[in-house]
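# Observations on the model geometry
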Amino acid sequence: MSFIVAIDGPAGSGKGTITKIICEKLNLINISTGGAYRSVALATLQNNIQINEIEKIVDLLDKINIEFKRENNKDLVYLNGKDVTRRIREKDVTNIVSKVSSIKEVRFKLNELFRKVAKDKKVIMEGRDIGTYVFPNADVKIYLDASLEERAKRRVKQNEELGIHIPYEEIKEDIRKRDENDKNKEIGALKKADDSIYIDTSNMTIEEVTNEIIDIIKNKMT
Ligand code: DC
């Protein structure tokens, strides 16, 4: 029997970090949908396709294989058999991912993938439109948010941990632009579902947010 926890929110709201911890504590499968969109963006770059060559990007979808794997306690994203977890966080991918994820064919294809990998499983899926569009009947729906400044700070730290060095101001501007693009997408826009629980994490510790969500999930599971 499936059990779906949908966690949506903007870049840097804590989705990735929180999801990872909750998965381990509750033994759920972690699916980062942003990782899949980033993989399509990486494939676009690898094939020297321009962001406005939509047909070519759509053709690419049938030629690529995206997988979510868990190895040595780490959640990894594979593109065509290769671990791209770190590569897809780099700037060139980040710069185009929001545009790539605005292409409706890309969204349809990836949504199919997300529904397939979650079938009959207990998962936490994090993204932008999981509670509104991918799994509107999810068992638990959370919308995480935080101020732009706080989110930029977190992203700088997260990048540093991956060995990627991008200055704060640049990250902040990038997140602001991505927020705008993500919120104004024709389909799959970043939006709180009417029935999702809103949590502003700006002044909360990771532990506080995690505990609050775990309580919500446990209540639903019993
Ligand atoms: O969560 P992230 O920063 O890794 O996501 C990368 C991009 O992918 C983000 O700019 C928006 C897009 N995305 C999306 O459109 N829908 C999702 N469900 C997840 C991510």
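Preceding this section is the structure that the text describes.
Below you will find a few notes about this structure. (Residues numbered from 1 in each chain as written. Predicted model: local features only at pLDDT ≥ 70, side-chain atom pairs only at ≥ 80, totals over all residues. Heavy atoms only, no water.)

### Quick notes on helix H4 (residues 91-100)
Among all positions in H4, only Val93, Thr94, Ile96, Val97, Ser98 and Val100 are buried. Close packing links the buried residues of H4 with helix H2 (33-46), helix H5 (104-118) and helix H8 (168-183). (Buried < 20%, exposed > 50% of the residue type's maximum accessible area, 1.4 Å probe, protein only. Helix = DSSP H or I, 4+ residues; strand = E, 2+ residues; numbered from the N terminus. Contact = heavy atoms within 4.5 Å.)

### Structural notes on the sheet that holds strand S2 (residues 29-32)
The strand order across the open sheet formed by five strands is S2-S6-S1-S7-S8, and the pairing between neighbours is parallel. Each edge of the sheet is formed by a strand with only one pairing partner; in this case those strands are S2 and strand S8 (197-200). The mean inter-strand angle of the sheet, taken between neighbouring strand axes irrespective of direction, is 20°. Both strand S1 (residues 3-8) and strand S6 (residues 122-127) contribute to a ladder of six bridges, which runs parallel. Residue pairing for S6: isoleucine 4 is matched across the bridge by valine 123. Contacts from helix H1 (residues 15-26) reach S1, S2, S6 and strand S7 (140-145), with the element oriented near 170° to S6. (Pairing = 2+ DSSP bridges. Axes fitted to C-alpha atoms, helices over the stretch in contact; angles between N-to-C directions.)

### Thoughts on the site of the ligand
As a matter of local geometry, the ligand sits amid 18 residues, with Arg38, Arg107, Arg128, Arg178 and Lys185 nearest to it. Arginine 38 is positioned with one of its side-chain polar atoms (N or O) 2.8 Å from an oxygen atom of the ligand. Of all the elements in the fold, those that place two or more residues in the shell around the ligand are H2, H4 and H8. Counting residues per element, the shell around the ligand draws most heavily on H2, at four residues. A class-by-class count of the residues in the shell around the ligand yields three nonpolar, five polar and ten charged. (Near = heavy atom within 4 Å. Polar contact = N/O pair within 3.5 Å; in protein donor to acceptor, adjacent residues only side chain to side chain. Nonpolar A, V, L, I, M, F, W, Y, C, P; charged D, E, K, R; others polar.)

### A short note on the nonpolar core
Ranked by size, the top nonpolar core spans 35 residues in total, and within it Val40, Ile66, Val106, Leu110, Phe114, Met125 and Phe135 carry the most contacts. Breaking this core down by element, the ones donating at least two residues are S1, H2, helix H3 (54-60), strand S4 (74-79), H4, H5, S6 and helix H6 (130-134). Among the elements that make up this core, the one with the highest residue count is H2 (six residues). Discounting chain neighbours no more than four positions away, the residues touching leucine 110 are Ala36, Tyr37, Val40 and Ile66. If you look at the next biggest cluster of nonpolar residues, it comprises 18 residues, including Ile7, Cys23, Val140 and Val209. (Core = buried A, V, L, I, M, F, W, Y, C linked by side-chain atoms within 4.5 Å.)

### Here we look at the side chain of asparagine 111
Of note, asparagine 111 is situated in helix H5. Residue asparagine 111 is classed as buried on the basis of its relative accessible area of 1%. Discounting chain neighbours no more than four positions away, the residues touching asparagine 111 are Tyr37, Tyr133 and Val134.

### Here's the deal with unusual backbone geometry
Unlike most non-glycine residues, asparagine 48 shows phi in positive territory, near 55°. Tracing the chain through its elements places asparagine 48 in the loop between H2 and H3. Judged by relative accessible area, which is 65%, asparagine 48 ranks as exposed. We note that asparagine 73 has phi near 70°; this positive angle belongs to a residue other than glycine. Looking at where asparagine 73 falls in the secondary structure, it is placed in the loop between strand S3 (66-71) and S4. Given a relative accessible area of 59%, asparagine 73 falls into the exposed group.

### What about the packing of H2 against H4?
Geometrically, a packed helix pair is captured by the angle between its two axes and the distance between the axes. Remark: H2 packs on H4, axes separated minimally by 8 Å, with the N-to-C direction vectors making an angle of 110°. Accordingly, the angle class assigned to the pair H2 and H4 is roughly perpendicular. Where H2 crosses over H4, the handedness of that crossing is right-handed. Mapping the contact onto sequence places Tyr37, Arg38, Val40, Ala41, Leu42, Thr44 and Leu45 in H2 and Asp92, Val93, Thr94, Ile96, Val97 and Val100 in H4. Partitioned by chemical class, the residues of the contact of H2 with H4 number nine nonpolar, two polar and two charged. (Parallel < 35°, antiparallel > 145°, perpendicular 65-115°, else oblique. Left-handed = near helix turned anticlockwise from the far one by under 90°.)

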